[in-house]
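Here is how the chains run, residue by residue.
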Amino acid sequence: MSDNPLENDMNALSKIKEKAKQKKRRVVFPEGTEPRTINAAKKILSDSIASITLIGDKDKIAKLSGEYGLNLKNVEIINPTHSPNYNQFVGEFMEMRRHKNISEKEAKDTIANPLYFGAMMVHNDLADASVAGAVNTTGNVIRAAIQVLGLKEGISTISSCFMMTLPHFGNEYDKVLLYADGAVMPNPTSDELVSIAASTAETMKNILDEEPKIAFLSFSTKGSANHPDVDKVVKAVEKFKVDYPHIKADGEFQLDTALIPEIAKSKAPGSPICGDANILIFPNLDAGNIGYKLTQRLANATATGPIIQGLNKPANDLSRGCTAEDIVDVTAIAVLMKG
């Protein structure tokens with residue numbers, strides 16, 4: 001980001017929305033009868049961020065749209081059990097879950113759930129991404145996504161990141177960092193940390209068009225402490241460098257070494273990350289979740305996410321306390337997660 005606030009014509013989210021417009025993609029919203037979704041849909045359409053499919057009862061959606069001023073002329077509305085794709089999706093889901101020996105009734109009941117129907121639309125390229133979580137729990141959103149969409153090749157775990165926009169950091173304004181994982185994986189192994197880092201690097205490229213510079217965080221910097229928790233991070237760094245030699249990454253680092261060039265020169269001389277990391281990989285969910293909330297509250301940063309990553313196709317989660325504007329922001333990101 002610019003050193004001069006006057007040169008920042010658009011912040012990161014504005015740039016993401018502009019980029020999303022150019023993709024001309026469709027997003028499905030399984031929570032089509034949620035007022036915040038309706039409000040967000042109005043903004044998404046007026047700003048041409050994406051085309052929209054709302055899942056739910058048509059009468060309820062029509063009533064809410066009238067109350068909130070959403071013109072349904074260009075909105076696709078689908079009631080899962082009334083859809084011509086319903087039986088096809090049931091058959092496909094039975095095949096996907098054949099190893100679980102699910103019955104046809106179980107498959108029908110599952111696909112009638114808007115989360116699963118929306119995921120099946122993305123799976124079949126009838127939508128480019130799904131966005132839900134204003135009503136549903138993160139666990140339910142992720143479960144549907146994993147069962148239907150699956151993980152990308154070479155990725156061992158689903159994960160998340162938060163896009164943190166700091167109003168002022170050092171000499172920079174609107175500084176953007178990605179924090180991972182702050183919402184999904186409680187205690188990742190070394191291999192899972194590698195997957196989280198790889199997924200976050202791809203997210204960085206997809207939504208921000210920036211070169212990933214990854215710092216694996218710890219309470220130790222380059223062997224300053226001995227502990228099994230440090231060993232886990234060291235092993236992850238070593239494996240990541242072998243598996244992804246084209247991506248700049250290093251660690252184990254304490255936070256100041258990752259972000260302050262003067263400290264990096266002292267504590268990690270010769271490192272490819274010279275205090276200029278733009279991706280922070282936290283060793284566990286405690287650290288990641290606390291870290292993003294500390295940054296949000298103490299640095300007055302904007303936290304956008306969680307951005308779900310590692311899936312074959314995009315499915316994004318929302319906080320149940322989200323606003324309509326939050327849904328708009330996550331929708332723009334979801335559009336870009338397809339690459």
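Located above this text is the structure these notes cover.
The rules behind each value
- Residues numbered from 1 in each chain as written.
- Predicted model: local features only at pLDDT ≥ 70, side-chain atom pairs only at ≥ 80, totals over all residues.
- Heavy atoms only, no water.
- Salt bridge = Lys/Arg side-chain N within 4 Å of Asp/Glu carboxyl O.
- Helix = DSSP H or I, 4+ residues; strand = E, 2+ residues; numbered from the N terminus.
- Buried < 20%, exposed > 50% of the residue type's maximum accessible area, 1.4 Å probe, protein only.
- Pairing = 2+ DSSP bridges.
- Axes fitted to C-alpha atoms, helices over the stretch in contact; angles between N-to-C directions.
- Contact = heavy atoms within 4.5 Å.

Our next topic: the pattern of salt bridges. Two side chains bearing opposite charge may form a pair once their charged atoms approach each other closely. Applying the stated criterion across every chain, the model contains 20 salt bridges. Residue glutamate 325 pairs with lysine 17 through a salt bridge whose shortest N-O separation is 3.0 Å. Separated by 308 residues along the polypeptide, glutamate 325 in helix H13 (residues 324-336) and lysine 17 in helix H1 (residues 12-23) bring together distant segments of the chain. We classify lysine 17 as buried; its relative accessible area is 17%. We note a salt bridge from lysine 313 to aspartate 125, for which the minimum N-O separation is 2.8 Å. Of this pair, lysine 313 sits in the loop between strand S10 (302-309) and strand S11 (315-317) while aspartate 125 sits in the loop between helix H6 (114-123) and strand S4 (129-132), and the two are 188 residues apart along the sequence. Accessibility expressed as a relative area gives 25% for lysine 313, which makes it partly exposed. For aspartate 125, a relative accessible area of 51% gives the class exposed. One continuous salt-bridge network, built from bridges that share partners, spans Lys17, Glu325 and Asp329.

What follows is about the sheet that holds S11. Strands sit in the order S3-S2-S1-S4-S11 across an open sheet of five strands; the sheet is parallel. Either end of the sheet is taken by a strand with one partner, and the two such strands are strand S3 (75-78) and S11. Averaged over all pairs of adjacent strands, the angle between their axes in this sheet comes to 25°, without regard to strand direction. Along the sheet, helix H2 (residues 35-46) makes contact with strand S1 (26-29), strand S2 (51-55) and S3, crossing S2 at roughly 165°.

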